[in-house]
Amino acid sequence: MTEIFSLLRESPQALYGMRFHQGFELSVAQLQEIHLTGARRRFDTLRTSIRALDKLAAEQGISRIDTLDDLVPLLFKHTVYKSYPISFLERGRFDALTRWLDGLTTLDLSGVDTAGVQTIDDWIDCLDTQTELRIAHSSGTSGKLSVIPRTREHWFNQVRLTAGCVRDWHGPDSGPDLFSTPMPFIRLSERYGASVQHRSANALVEMIAGSEDNTLFLFPTERYSADMASLGGRLRAAAARGEQGRLELSPVLMARREEFARRNAQRPKAMERFFADARERFGGRDVLIQAIWVNLLEPAEEARKQGLKGLFGPRSALLTGGGLKGQTAAPDWRERITEFLGTDNYYEFYGMTEMLSNAPACRQGNYHVSPVTVPFLIDGESGEVLPRNGTQSGRFAFFDLLPESYWGGFVTGDLVTMGGWDDVCPCGRVGPYVHADIRRFSDIEGGDDKIDCAGAPEAHDRAMEYLVNSSGGH
Amino acid sequence: MAVGCDVPLVIRGRVIDTPTAAFGGRGDGMVFHACDVAEHLDELALSAPSAMADLYTLSFDDILDFLHRLGERLQLADNAYLQEAFRVSCLTSGLSESILRHHYKEIPFYFHRDVVAGMAEGLVGIDFLEGWVERPSGSPGVSVAVRAFGARCVHVIAGNVPAIGVMTIVRNAFTRSDAIIKSPSNDPLTALAVARTMIDMAPDHPLTRHLSVAYWKGGDDRVESYLYDPMRIEKLVAWGGLASIRHITRYLQPGIDLITLDPKHSATIIGREAFADEATLAAVAVRLAVDIGMMNQEACMNARVVYVESGTDAAGLARINRLGEMTYRALRALPEHVSTPHKRFHPELRDELDALQFVEDEYRLIGGGDDGGAIIVSQHDMPVDFSAMLACRVGNLVPLDNAEQAVRYVNAYTQTIGIWPDTLKRKLRNALAWQGTQRLVSLGGTYVLGSPATPQDGIEPVRRMCKWIVDETGEALDKISGLPSVEAVARG
């Protein structure tokens, strides 16, 4: 036990090689020491090599981390990783976009050549080819894409964490060891792309499935386009600038939109093929599936209609999370999904684009924060840090100790309730945990029937939003 | 900590004060208790059109007298109902106390007989309200008369400024209409205060008997499926766009005339003449600060994105940055009855402002360190990506090489454009009009130059509130050829 404590205190990245369940046996006092030591080390090192952090620290007048709460003013708001002007995209200023990203990572991007880059997808490919960066972008449903500067290594390390979780979450070796036997990898999406889910899928294919043959995708040759994901936000920004805005929308982008709409029209056929392939190639076998819950609702319904049950083997594993995201579903939606898949061996995580070490849910439904993630709760009204005791509700913020090439501090848009500082979750795991009921602040702000006459109704490309939301790209 | 308050129901001269259901804006800690309107639907709706007749026993002078007397009773210092509305608004509104006080004190102005007469004449035409007006028929021997009559109307009003409910009541009165005002949760008491004062003053007066003020939750089928029926109402005036009509679009049908006053934003254009000399620039900065800051930028007409013909080269940026600095200074120095730091700076906007430091080559942020406001100066010809979110006294100056470029940035949601100088306004006004704007005004005047007797949002809502009835007289037999002769018909 003390060995794990010293290892993590020395280097949080020791978690990659550990028995996953042991991370939840450390005492709260030990966790706090791991957190403070790790945070100090990160701040001292990264401050001088990440311009954005240096700027923020200077502005806040912070030169050292003495207590965990000293970190709070340094946590990046969600707007930081999307602070680039959309005009960079519309006007093809990918050199400026690269310079912007350079300020957010320790990697030196000054030598990156963006000649010929016309779209975000091109830009991502350019970075993938010329640097160690494998950036992740958000899904863009909120309007603008965030860009998180992860590296190649991050994705592989994250797979090691995931594999450890699947193997040890319900006790050591309670689940399959994904590394010992290549397991088929199944995903209801495009094969390629740079969203968090697509990047991690790519690493899972390499490290777990072992070969492309050992995989099944809904669109096996297609890519989830960052340009498509960004389209909603760009259309809105353009609408705010009237006729001129519309004129300046990239024609390449609009051509892609047509392409994307066509692909989506093929979805029902692709779904048919998927089911047929699944039955034929992997029926009854233990597989690894990665999908957020909402992306499984439709297939589960399809399966129900076809009378399909128990598609895969019972020792299959489902990596999932995300709740229903506001969609309505039958009360037994989870059961319908596990019934069609053939396994109830699911690993549900609370996480986000910005978090490397996600928080798995226990059988009580509580999400257990990783030992190398420093959680904070911020009071929704006052902005003050809430005390680390009892049960508290507030805005979730965190400092992720794992990344060494970007700053791991974030403030989220989630309203959560947390416990675990001075109580132990009924599941037996020690340490802070987040209750199942998680809400978005943006859904709560504003009372009923508040009517204002000042506002700019958002330009809704309804068709586009539907396409982006239903693309399975998350 | 929630503060509570009762919201009675006023139906045609009667106050019903048995609050049962709670509602409230969670953000501002207010909890209101309102009566269940569903229990009083029969009285609320005016199902018998003959009940409009009593309004026609009043002359226009009678209406002016009534409103004038009412206005005298609406002095904030003497009216307990308004005082409570004011107190609650101080908690729920984005306007600070000093600004609200100013607006509540202005309420009597809307009831002054000269002002009402001016509104009635400018918005409809008193002759049409009072009687049948001869109109050219275009046909010899045919005379046509037109009269504007009142209608039975539901008003779903906005609550961000107190004048909206007040204006609705005045307009309802001089058009001899019947109004059911649905109160918004962000201001459930102001219109109610005026209605209750009417009841205290003259409970049986026809104008009192044709006003109801009620709160019900938007989407409450029990109320809306009953009320939104052409047998019961003829017109629906909805402020707030989709938010106010989302639940009721399914009830719309021929027989209900929907008048929407949608949320809007506004823009500003400043010509190169501003940079003639320091004194001119300073004067422009003060005007601009007024248009940004007045009413704490809560109104649809406030300036937010400001297009400036400064030039986009280094010299141009230096000019616009200077204007930005001066405007910020003027903004912070505005008198408190006009503008103050916003009480509840929007957190999403705060996040956006905080992120600007990471792109300071593209956007210069002046101020923004506290909640008192800020001026963002774009260093290229595009506004910030979050321009739709600008509020709480945050403006965004955008440099252009040519003021005409700004014309194409206008869209259908652009209501007011403040322009300096007036010569530029004249030059651009036609192009701006067909591009989508609805109102042009000299810089600095978005509030003070506004007149209550002009079209609003590109339409004439008060004319729309009326029913325009036609009466044609003539000898039909002279107009149709080939008819049987009268003698032949009489003889059998």
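See the structure shown above.
This section reports on the structure supplied with the text. (Residues numbered from 1 in each chain as written. Chains lettered and ligands numbered in written order. Predicted model: local features only at pLDDT ≥ 70, side-chain atom pairs only at ≥ 80, totals over all residues. Heavy atoms only, no water.)

## Let's talk about the pairing of strand β7 (residues 346–350) of chain A
Residues and elements named next belong to chain A. Worth spelling out the cut-off: Note on classification: 1.4 Å probe, protein chains only; a residue is buried when its accessible area is under 20% of the maximum for its type, exposed when over 50%, partly exposed between these limits. Numbered from the N terminus, helices here are DSSP runs of H or I no shorter than four residues, and strands are runs of E no shorter than two. Strands pair, by our definition, only if DSSP identifies at least two bridges between them.
Of all 5 residues that make up β7, 4 are buried, and the element is covered over most of its length. Where strand β6 (residues 317–321) meets β7, 4 bridges bridge the pair, whose relative direction is parallel. Counterpart to Leu319 in the pairing with β7 is Tyr347.

## Thoughts on the sheet that holds strand β19 (residues 439–442) of chain B
All names here are of chain B. The following threshold applies: The convention used is that axes are lines fitted to C-alpha atoms, helices contributing only their stretch in contact, and that angles between N-to-C directions extend from 0 to 180 degrees. Two residues qualify as a contact provided that any one of their heavy atoms is within 4.5 Å of a heavy atom in the partner residue.
Taken together, the 7 strands give an open sheet; going across it, the order is β15-β16-β17-β14-β13-β18-β19, and neighbouring strands pair in mixed fashion. For this open sheet the edge positions go to β15 (363–367) and β19, each flanked by a neighbour on one side alone. This sheet shows a mean twist of 20° between the axes of neighbouring strands, independent of strand direction. Lying over the sheet, helix α16 (residues 422–435) contacts β13 (265–270), β18 (414–420) and β19, oriented at roughly 150° with respect to β18.

## Some points on the interface of chain A and chain B
Where we set the bar: Salt bridge criterion: a side-chain nitrogen from Lys or Arg within 4 Å of a carboxyl oxygen from Asp or Glu. Here a polar contact means two N or O atoms within 3.5 Å. Within protein one must be a hydrogen donor candidate and the other an acceptor candidate, and residues neighboring in sequence count only if both atoms are side-chain atoms. In this classification, the charged set is Asp, Glu, Lys and Arg, the nonpolar set is Ala, Val, Leu, Ile, Met, Phe, Trp, Tyr, Cys and Pro, and all remaining amino acids, among them Gly, are polar.
Of the residues lining the interface, 41 residues belong to chain A; the matching set on chain B comes to 55 residues. Put simply, chain A and chain B have 6 salt bridges between them. The partner of B:Asp354 in a salt bridge is A:Lys77, and the shortest N-O contact between them spans 2.9 Å. Inspection of the region where chain A meets chain B yields 8 residue pairs in polar contact (both at pLDDT 80 or more). If you list the elements that add at least two residues to the side of chain A that touches chain B, you get α3 (51–60), α4 (87–90) and α10 (242–248) of chain A. With 5 residues, the single largest contributor to the side of chain A that touches chain B is α10(A). Split by residue class, the side of chain A that touches chain B holds 17 nonpolar, 9 polar and 15 charged.

## Thoughts on the packing of aromatic side chains
Definition in use: Pairing of aromatic side chains here covers Phe, Tyr and the six-membered ring of Trp, requires ring centres within 6.5 Å, and sorts the geometry by plane angle: under 30 degrees stacked, over 60 edge-to-face, intermediate tilted. Any Lys NZ or Arg CZ found within 6 Å of a ring centre and within 35 degrees of that ring's normal is scored as a charge over the ring.
Per the stated rule, a full pass over the model turns up 25 aromatic pairs over all chains. Between A:Tyr81 and A:Phe410, the aromatic rings sit 5.4 Å apart at their centres with planes inclined by 35°, giving tilted as the arrangement. Separated by 329 residues along the polypeptide, A:Tyr81 in the loop between α3 and α4 and A:Phe410 in strand β12 (residues 409–419) bring together distant segments of the chain. Across this residue pair, the class does not change: A:Tyr81 and A:Phe410 are buried. One aromatic cluster is present, formed by A:Phe76, A:Tyr81, A:Tyr350, A:Tyr367, A:Phe396, A:Phe398, A:Phe410 and B:Phe358 through successive ring pairs. A cation sits over an aromatic face here: A:Lys144 above A:Tyr84, 4.9 Å from the ring centre.

Everything listed here is a matter of geometry and, on its own, says nothing about what the molecule does.
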